[in-house]
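Structure at a glance
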Amino acid sequence: MPFSNSSELSPSFILASLPGLEAAQSWMAIPLCSAYLLALAGNLAVLLVVRLEPSLHAPMYFFLCMLAAIDLALATATVPRILAFYWFDSREIGFGACLLQMFLIHTLSAVESTVLLAMAVDRYVAICHPLRHAAVLTNAATAKIGLLAVARGVLFFLPLPLLLLPLPFCGSRVLSHSFCLHQDVMNLACANTTPSVVYGLTAILLVMGLDAVLICLSYILILKAVLRLPAWRERLKVFSTCIAHICVVLAFYVPLIGLSVVHRFGKDLAPLVHIVMGNVYILVPAVLNPIIYGVRTKQIQRRILSLI
């Protein structure tokens, strides 16, 4: 029987369970919980170290703090709800809670994409125009970029839940993931979803797609500048300052592209693939980012060891 999202009868959705592994979900949640705790510890450590270490009070590390805060918020918006489902069989999520979770996931992803672009610009200015770096990327400019990233994410992705509000939902209420995504919820509507499809695709292309293109362009310019250096040792030394950022970009965009491909072309794939890709998209950047910068940055290593 169709159900609508009116005040009299608010729809709810069923989170996807691990197919064939329902009895073992409580055990399967243990590695998920471990990854979440690792993400919390790593990102909180980055925030604390940058706060306590004066030598790290620079734009690049302020951007790193922004990434850590975004990863903490994104993981906290999804993983505790997934763990509640796996451990306490709380499969049902209300319509309002689902829309809020969906908004947070897409908005925080957009903010993270913008911050990664800002970090790429920081690397470009530091390598190609080193004398202007301190004047261009000041602490005040870094704070303004952070605020702009948040405003950009909210403005682009706030319409997504608003476009779903008037839609009726009928038939299956089972989602493809253990959390709410726009395309997943939209596919359950029994009405014309063309405006949601068009706007969702446009928003992703204008935010994540454009950011990816600009990040690639910045690294093309960086490579040109590096290759002009006379000695190979000097080239490697300069380019090595970009390795951590490149790894972080890959940790964000590879799961994002993989999840998009699964949604677009993976209708015939096993449900387990959708669930695993969704969890990878949420947790991999949050777990890897502090590890990558912890390994590549000696000041962070020394400060963490001193704290321990």
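Residues numbered from 1 in each chain as written. Predicted model: local features only at pLDDT ≥ 70, side-chain atom pairs only at ≥ 80, totals over all residues. Heavy atoms only, no water.

**Some remarks on the overall build of the chain**
Worth spelling out the cut-off: What counts as a helix is a DSSP run of H or I of at least four residues, what counts as a strand is a run of E of at least two, and both are numbered from the N terminus. We take the radius of gyration over the C-alpha atoms and set the globule estimate at 2.2 Å times the residue count to the 0.38 power. By definition in these notes, contact holds between two residues if any of their heavy atoms fall within 4.5 Å. Surface accessibility in these figures is a Shrake-Rupley result with a 1.4 Å probe; residues are shielded only by whichever protein chains are displayed.
A count of helical and extended segments in the chain gives 12 helices and two strands. Ordered by position in the sequence, the α and β elements of the chain form the string β-α-α-β-α-α-α-α-α-α-α-α-α-α. The globule rule puts the C-alpha radius of gyration for 308 residues at 19 Å, and the 21 Å found for the chain is close to it. When its C-alpha atoms are laid out on the principal axes, the chain stretches across 70 × 45 × 35 Å. If you take every contact in the chain between residues at least 6 apart in sequence, the share linking residues at least 24 apart comes to 78%. On the chain, roughly 15,200 Å² of surface is accessible, and the fraction owed to carbon and sulfur atoms is 72%.

**Examining the UniProt feature "transmembrane region" (unreviewed entry) in the chain**
To keep things clear, this is the line we draw: UniProt positions are given in the numbering used here, feature names are shortened, and annotations may be inferred rather than shown by experiment.
Under the UniProt annotation, the feature "transmembrane region" (unreviewed entry) is placed at residues 27–49, 61–87, 93–121, 133–158, 197–222, 243–266 and 272–295. When the span residues 133–158 is considered, its composition is 88% helix and 0% strand, and the gap between its end C-alpha atoms is 34 Å. In residues 243–266, helix accounts for 96% and strand for 0%; the two terminal C-alpha atoms are 32 Å from one another.

**With respect to the nonpolar core**
Applicable threshold: Nonpolar cores were defined as sets of buried Ala, Val, Leu, Ile, Met, Phe, Trp, Tyr and Cys residues, with membership established by side-chain atoms within 4.5 Å. Only protein chains enter the accessibility calculation, which uses a 1.4 Å probe; a residue is then buried when its area is under 20% of its type maximum, exposed when over 50%, and partly exposed in between.
Formed by 82 residues in total, the largest nonpolar core has its most connected members in Phe-13, Val-115 and Leu-116. Those residues in contact with Val-115 that lie beyond four places of it in its chain are Phe-63, Met-66, Leu-67, Ile-70 and Ala-149.

**Examining the UniProt feature "domain: G-protein coupled receptors family 1 profile" (unreviewed entry) in the chain**
Mapped onto the present numbering, the UniProt feature "domain: G-protein coupled receptors family 1 profile" (unreviewed entry) falls on residues 42–293. Measuring from the first to the last C-alpha atom of residues 42–293 gives 10 Å, for a span that is 79% helix and 1% strand.

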